[in-house]
Amino acid sequence: MTFDRSIKIAPSILAADFANFGAECEAIETQGADWVHVDVMDGHFVPNITFGPATCAAIRPHIKGVMDVHLMIAPVDPYIEAFAKAGADVITAHVEATPHIHRTLQAIRGAGAKAGVALNPGTPASAVAEILDMVDLVCVMTVNPGFGGQKFIDMTAKIRELRAMIGDRPVHIEIDGGVDPKTAPLVAEAGADVLVAGSAVFKGGSVSDPAPYGENIRAIRAAADGTYV
């Protein structure tokens, strides 16, 4: 996993066909996805329950590129090793989910994964000011976490602030929530380079007809790059 600031599209399998996860992961990668985003929810930190380490381990053989695991769970630390062993390339924890985010990030890197930290809409950029040298990714939530398909919340001011704080550090800014061809240019212009999209990627397609996935991915990428017509 190398670092660059080009736009990367990371479809969230939260919007995929749960009965065909392996095939869905293969389909989105074939259709141009850069990363595969896995939203892990516990019914405690967020009001929904999704997947665990066993699901990540099951889909890992079907993913050639980056498996980006977003832990919307509390506590976080007891599960880091399991997700790392399941094949997560990036493990992201919420700053709001642990009283010791520094320790959590140490544990993620110690387990061999890239370390990400996520910020809910109500959490300021300043919450990660002291840990930017420990992270590989900052995830800015543009919805309140828990469910897919929510309306985009404008966090462009926070993204710009983070971009300035990060400077020349090799740290990605990821956007999660409500990303589509209309919102992608807003966050990309502000400094984001990893765009998580669920329903905006998976709408209109299926494992048996994956072409719409590619059309959707290309539309989001082109919009973020400023070439969308």
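The preceding data block contains the structure.
Residues numbered from 1 in each chain as written. Predicted model: local features only at pLDDT ≥ 70, side-chain atom pairs only at ≥ 80, totals over all residues. Heavy atoms only, no water.

A word on the overall build of the protein. Counting secondary structure elements, the protein contains eight helices and eight strands. For 229 residues, the compact-globule formula gives about 17 Å, and the C-alpha radius of gyration of the protein, at 16 Å, lands near that figure. Across its three principal axes, the protein shows a C-alpha extent of roughly 45 × 35 × 35 Å. In the protein, which comprises 229 residues, the share counted as buried stands at 55%. (Helix = DSSP H or I, 4+ residues; strand = E, 2+ residues; numbered from the N terminus. Rg over C-alpha atoms; globule rule 2.2 N^0.38 Å. Buried < 20%, exposed > 50% of the residue type's maximum accessible area, 1.4 Å probe, protein only.)

Across a sheet, strands are paired by hydrogen bonds formed along the backbone, either parallel or antiparallel in direction. A sheet is described by the order of its strands in space; here eight strands give the open sequence 1-8-7-6-5-4-3-2, paired in parallel fashion. Every other strand in the sheet has two partners, leaving strand 1 (8-11) and strand 2 (35-41) as the edge strands with one partner each. Averaged over all pairs of adjacent strands, the angle between strand axes in this sheet comes to 25 degrees, irrespective of strand direction. Strand direction decides the pairing type here: strand 4 (residues 90-94) and strand 5 (residues 114-119), joined by five bridges, are parallel. Paired with Thr 92 across the two strands is Gly 116, which belongs to strand 5. (Pairing = 2+ DSSP bridges. Axes fitted to C-alpha atoms, helices over the stretch in contact; angles between N-to-C directions.)

Among the residues of helix 4 (residues 101-110), Ile 101, Thr 104, Leu 105 and Ile 108 are the ones counted as buried. Buried positions in helix 4, seen along its axis, are confined to an arc of 95 degrees and lie on one side of it. As for helix 4, its buried residues are in contact with helix 3 (80-85), strand 4 and strand 5. Gly 112 occupies a position one or two residues after helix 4 and carries a positive phi of about 95 degrees. (Arc of directions from axis to C-beta. Contact = heavy atoms within 4.5 Å.)

For the structure shown, the criterion picks out eight salt bridges. A salt bridge links Lys 85 to Glu 81, with the nearest nitrogen and oxygen atoms 3.0 Å apart. Here the residue Lys 85 and the residue Glu 81 both occupy positions in helix 3, the gap between them amounting to four residues, near one helical turn. Looking at Lys 85, the relative accessible area reads 67%, which means it is exposed. Connected through salt bridges with shared partners, the residues Asp 4, Lys 8 and Asp 193 form a single ionic network. (Salt bridge = Lys/Arg side-chain N within 4 Å of Asp/Glu carboxyl O.)

Right, let's talk about helix 1 (residues 21-30) for a bit. Along an α-helix, residues three or four positions apart point the same way, because every turn accommodates 3.6 residues. Among the ten residues that make up helix 1, seven are buried, leaving the element largely enclosed by the rest of the structure. Restricting attention to buried positions, one finds in helix 1 the residues Phe 21, Gly 22, Glu 24, Cys 25, Ala 27, Ile 28 and Glu 29. Where the residues of helix 1 are buried, they touch strand 1, strand 2, helix 2 (53-59), helix 7 (199-202) and helix 8 (211-225). Gly 32 sits one or two positions beyond helix 1 and adopts a positive phi of about 115 degrees.

A complete count under the given rule lists four aromatic pairs for this structure. Site record: aromatic cluster; members linked through ring pairs are Phe 18, Phe 21 and Phe 51. (Phe/Tyr/Trp six-rings, centres within 6.5 Å; stacked < 30°, edge-to-face > 60°.)

This next bit is on the nonpolar core. With 74 residues, the main nonpolar core has Ile 13, Val 38, Val 69, Ile 91, Ile 175, Leu 195 and Ile 220 as its most contacted residues. At five residues, the largest contribution of residues to this core is made by helix 8. Among the nonpolar cores identified, the runner-up in size contains eleven residues, and Ala 118, Leu 137, Cys 139 and Val 194 belong to it. (Core = buried A, V, L, I, M, F, W, Y, C linked by side-chain atoms within 4.5 Å.)

Right, let's get into the side chain of Asp 136. Along the chain, the position of Asp 136 falls in the loop between strand 5 and strand 6 (137-141). Of note is the side chain of Asp 136, whose polar atom sits 3.2 Å from the side chain of Arg 109. Beyond its immediate stretch of four places on either side in the chain, Asp 136 contacts Arg 109, Lys 114, Ala 115, Pro 170, Val 171 and His 172. (Polar contact = N/O pair within 3.5 Å; in protein donor to acceptor, adjacent residues only side chain to side chain.)

A separate point is the state of the cysteines. Inspection of every chain in the model, using the stated rule, returns zero disulfides. Unpaired in this structure, Cys 25 has its nearest cysteine sulfur neighbour in Cys 56, at a distance of 9.5 Å. A relative accessible area of 0% means that Cys 25 is categorised as buried. No disulfide involves Cys 139; its sulfur sits 15 Å from the nearest other cysteine sulfur, which is in Cys 56. The buried category is assigned to Cys 139, whose relative accessible area is 0%. (Disulfide = S-S within 2.5 Å.)

Here the focus is the environment of Gly 149. By the element assignment, Gly 149 lies in the loop between strand 6 and helix 5 (156-166). With 38 residues separating them in the primary sequence, Gly 149 and Val 187 have C-alpha atoms 18 Å apart.

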